[in-house]
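Coordinate analysis (summary)
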Amino acid sequence: MKRRVAILISGRGSNMTALIEAARAADFPASIALVVSNVANAAGLTAAREAGIATAVVDHKGFGKDREAFERALQEALDAHGIEIVCLAGFMRLLTPWFVRQWEGRMLNIHPALLPAFKGLDTHARALAAGVRIHGATVHFVIPEMDSGPIIMQGAVAVGDDDTEQSLAARVLAVEHAIYPAALRLVASGAVVLRDGRCSGPGHKAEPPPPLIMPVL
Ligand code: GRF
């Protein structure tokens, strides 16, 4: 049985689309049963509807400062669709420990940096300002502390001298679209589980690739 997944978005939803497309494969262990947005006019909602996925809007503004009331409404939408795994994909609300605990080991997030470096916003500009030579993206389990949970998968890109925030963002986004479906496959199939605060699984199936060295030797 495929695991029922909800994707939570706030914006354009390109990671959402990557997950929807991957989940069309017959052997993918999850199906995208619901897309929820806290922003009624998020572009990703249109893309989800066009892909034939059920959508829901839970607008945080209707709940004022009452985060838990917002999250109870979110939880109701997830329960109504029998959701088993939640994927945050550009979802721009901080979640309370109450909500996060409900989904412990069953909620994933994608972050556009190699965590634990560059938590928070504007990761590409900060990576360039710091002069890092290697940057990337991370899929991790969500814990109450922001951008901090156990790491499921990472992908790296070399940073060139000519890179701009835009060029770097585009290369990292391509990595995001590759690793998010792959990480969801691992979790939905049970190949990776959260145990004692760490990701536990069978480890590498293949030889690791050669090291990424920048500048090129
Ligand atoms: C991505 O860069 C993701 O890593 C971050 O927010 C952005 C969302 O982009 N959390 P999209 O909506 O998936 O296109």
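These remarks concern the structure in this document. Bear in mind that the values here come from a model prediction, so they are computed numbers and not experimental data.

**A few points about the overall build of the protein**
From N to C terminus, the protein includes 6 helices and 9 strands. Its C-alpha radius of gyration of 17 Å places the protein within 12% of the 17 Å reference for a compact globule of 217 residues. Considered along the principal axes of its C-alpha atoms, the protein spans approximately 55 × 35 × 35 Å. When each of the 217 residues of the protein is scored for burial, the buried share is 42%. The contacts of the protein with a sequence gap of at least 6 include a subset with a gap of at least 24, amounting to 63%. Counting only carbon and sulfur atoms, one obtains 55% of the accessible surface of the protein, whose full area is about 11,100 Å². When the 21 basic and 21 acidic side-chain charges of the protein are each reduced to a single mean position, those positions are 3 Å apart.

**Considering empty space enclosed by the protein**
What the rule picks out here adds up to 1 cavity of 30 Å³ or more. In this structure, the largest cavity encloses a volume near 50 Å³. Lining the largest cavity are His60, Gly64, Lys65, Asp66, Arg67, Phe70, Arg93 and Leu94. Counted by class, the lining of the largest cavity contains 2 nonpolar, 2 polar and 4 charged residues.

**Some words on the packing of helix α1 (residues 14-22) against helix α6 (residues 165-188)**
Two elements in contact, α1 and α6, have axes whose closest approach is 9 Å; the angle formed by their N-to-C orientations is 45 degrees. Between α1 and α6, the angle is such that the two are oblique. α1 and α6 meet at a crossing whose hand is right-handed. Facing α1, whose interface residues are Ser14, Asn15, Ala18, Leu19 and Ala22, α6 presents Leu173, Glu176, His177, Tyr180, Pro181 and Leu184.

**Some words on α6**
The terminal C-alpha atoms of α6 lie 33 Å apart, and with 24 residues this matches the ideal 34 Å at 1.5 Å per residue to within 8%. Gly190 occupies a position one or two residues after α6 and carries a positive phi of about 85 degrees.

**Here's the deal with the layout of surface pockets**
Within this model, the largest pocket holds a volume of roughly 950 Å³. Residue lining of the largest pocket: 37 residues in total, with Gly90, Phe91, Met92, Ile110 and Leu121 positioned closest to the centre. At the level of secondary structure, the elements contributing two or more residues to the lining of the largest pocket comprise α1, β5 (107-111), α5 (123-130) and α6. At 4 residues, α6 tops the list of elements feeding residues into the lining of the largest pocket. Partitioned by chemical class, the residues of the lining of the largest pocket number 17 nonpolar, 12 polar and 8 charged.

**Concerning the site of the ligand**
Surveying the vicinity of the ligand reveals the residues Arg12, Gly13, Ser14, Asn15, Gly90, Ile110, His111, Pro112 and Glu176. In the environment of the ligand, an oxygen atom lies 2.5 Å from a nitrogen or oxygen atom belonging to the side chain of Ser14. Taking Ile110, its main chain carries an N or O atom lying 3.0 Å from a nitrogen atom of the ligand. Here the ligand has 370 Å² of accessible area as a free molecule, and 85% of this is covered by the chains. Applying the majority rule of atoms within 2 Å of the grid points places the ligand in the largest pocket. Taken together, the elements giving at least two residues each to the shell around the ligand come down to α1 and β5. For the shell around the ligand, the class distribution of residues is 2 nonpolar, 5 polar and 2 charged.

**What to know about the sheet that holds strand β4 (residues 85-88)**
What the 7 strands build is an open sheet, ordered β3-β2-β1-β4-β5-β6-β7; its pairing is mixed. The strands lining the two open edges of the sheet, one partner per strand, are β3 (55-57) and β7 (151-158). Neighbour-to-neighbour, the strand axes of this sheet turn through a mean angle of 20 degrees, independent of strand direction. Bridging between β5 and strand β6 (residues 134-141) involves 4 bridges; their strand directions are antiparallel. If you follow Ile110 over to β6, its bridge partner there is Val139. This element, α1, spans β1 (3-9), β2 (30-37), β4 and β5 of the sheet and lies at about 165 degrees to β1.

Reading the values: rules and limits
Residues numbered from 1 in each chain as written. Predicted model: local features only at pLDDT ≥ 70, side-chain atom pairs only at ≥ 80, totals over all residues. Heavy atoms only, no water. Helix = DSSP H or I, 4+ residues; strand = E, 2+ residues; numbered from the N terminus. Rg over C-alpha atoms; globule rule 2.2 N^0.38 Å. Buried < 20%, exposed > 50% of the residue type's maximum accessible area, 1.4 Å probe, protein only. Contact = heavy atoms within 4.5 Å. Areas by Shrake-Rupley, 256 points an atom, 1.4 Å probe, with all protein chains shown as cover. Lys, Arg positive; Asp, Glu negative; His and termini not counted. Charge placed at Lys NZ, Arg CZ, Asp CG, Glu CD. 1 Å grid on protein atoms, 1.4 Å probe; cavity = no way out; pocket = protein on both sides within 12 Å on 5 of 7 lines; lining within 4 Å. Points joined across faces, edges and corners; volume = space filled by probe spheres on them. Nonpolar A, V, L, I, M, F, W, Y, C, P; charged D, E, K, R; others polar. Axes fitted to C-alpha atoms, helices over the stretch in contact; angles between N-to-C directions. Parallel < 35°, antiparallel > 145°, perpendicular 65-115°, else oblique. Left-handed = near helix turned anticlockwise from the far one by under 90°. Expected span 1.5 Å × (residues − 1). Near = heavy atom within 4 Å. Polar contact = N/O pair within 3.5 Å; in protein donor to acceptor, adjacent residues only side chain to side chain. Sits in = over half its atoms within 2 Å of the grid points. Pairing = 2+ DSSP bridges.

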